[in-house]
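Survey of secondary and tertiary structure
Here is how the chains run, residue by residue.
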Amino acid sequence: SERRAKESAAIVRSVIIGDNTLPDPKSHKSSAVSKYDVARVKSQLLDPKTAAKVITHLRALPAHPSDPATSTNVPIHAVCLDMPDKDIQEQYFARFESLATASVSTISTVLADVHLISLFTAPNMGFGAPVTAQGLFAGSVPTAETVIEGVEQITPQLMALGYATGKAILPDHKGVTVPTDRISVLTYWWGLEVCLPPPTIAYLEAAESPGSALLNLLTAISLLNEGVREILPFIRYICQFVQTEWSMIKRVDEGKGVVCTATWLLPVALVPRAWDFPDP
């Protein structure tokens, strides 16, 4: 039900921001989020239908209960490549099969000529940078090894990304327009969105492997300077989802594209929805 989805969204927010309490409207007090609550919400996020309802409510929530309603659904990062997906493939990625099998030197050479476009001017918060680098959250992105060890160990590190201090990291998003001619990635306090407009859908459909083609694009988007490095540990999971659920993704498309969404609580459980961004 919508009531349960709303309650689950509040639990997800509580866990992500590190509050671990829920307000009780009857007693005007807060109650602790139990392990049972978290397990129940995770099971809901693994089901596309219930996950879609929970994420819909999450997108309407501010990062903290005390934040104003006007701060809902504000991206932390929003970027795309400076060329359409097909052009990027032909000009840069066509020289090798996949970034996954390319050498480090080859990747460095290729990405040196690829550039990102920020969909707004965001401060450099140090996402993905070494702990010695500048930025409030330098050194806080979990490693691939941590991902392998399990989502339970990832979650505390994701909390450490600083989503609990949403007021400090929300950029000015006025005028942000999600491109309709190439892939883009948006991250929020609650999770991430991989935006696949019609040209990207067509590019992935024509590729021998949609997952491998997507891996190249997401790797570039996350590794380049000022990229969305917070998705680095999850790129392979995102691409595997697209590869295995490609038919479902295409069914969701209503002609304007698809947005694949996941929460930081369970970033490997993506939910596709029809494109619902306003027209440019």
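Scroll up for the structure.
Residues numbered from 1 in each chain as written. Predicted model: local features only at pLDDT ≥ 70, side-chain atom pairs only at ≥ 80, totals over all residues. Heavy atoms only, no water.

What to know about the sheet that holds strand β4 (residues 116–118)
Strand pairs in the sheet, formed through backbone hydrogen bonds, run parallel or antiparallel to each other. Read across the open sheet, the six strands follow the order β4-β3-β5-β6-β7-β8; overall the sheet is antiparallel. Each edge of the sheet is formed by a strand with only one pairing partner; in this case those strands are β4 and β8 (271–274). Each strand axis lies, on average, 25° off the axis of its neighbour in the sheet, ignoring direction. Of the strand pairs in this sheet, strand β3 (residues 77–81) and strand β5 (residues 184–187) are connected by four bridges, and their pairing is antiparallel. Bridged to His-77 within β5 is Thr-187. (Pairing = 2+ DSSP bridges. Helix = DSSP H or I, 4+ residues; strand = E, 2+ residues; numbered from the N terminus. Axes fitted to C-alpha atoms, helices over the stretch in contact; angles between N-to-C directions.)

Focus: the packing of aromatic side chains
Scanning the model with the defined rule gives three aromatic pairs in all. With a centroid separation of 4.9 Å and an interplanar angle of 10°, the aromatic rings of Tyr-188 and Trp-190 are classed as stacked. Accessibility expressed as a relative area gives 0% for Trp-190, which makes it buried. In this structure, Arg-273 packs its charged tip against the face of Phe-277, placed 5.9 Å from the ring centre. (Phe/Tyr/Trp six-rings, centres within 6.5 Å; stacked < 30°, edge-to-face > 60°. Buried < 20%, exposed > 50% of the residue type's maximum accessible area, 1.4 Å probe, protein only. Lys NZ or Arg CZ within 6 Å of the ring centre and 35° of its normal.)

Examining the pattern of salt bridges
Pairing between side chains of opposite charge can happen when the charged atoms of each approach one another. Applying the stated rule across the entire model yields nine salt bridges. When the shortest N-O distance is used, the salt bridge between Arg-59 and Glu-193 registers 3.5 Å. Within this pair, whereas Arg-59 is found in helix α3 (residues 48–59), its partner Glu-193 is found in strand β6 (residues 191–196), the two being separated by 134 residues in sequence. Among the residues examined, Arg-59 registers a relative accessible area of 18% and is labelled buried. (Salt bridge = Lys/Arg side-chain N within 4 Å of Asp/Glu carboxyl O.)

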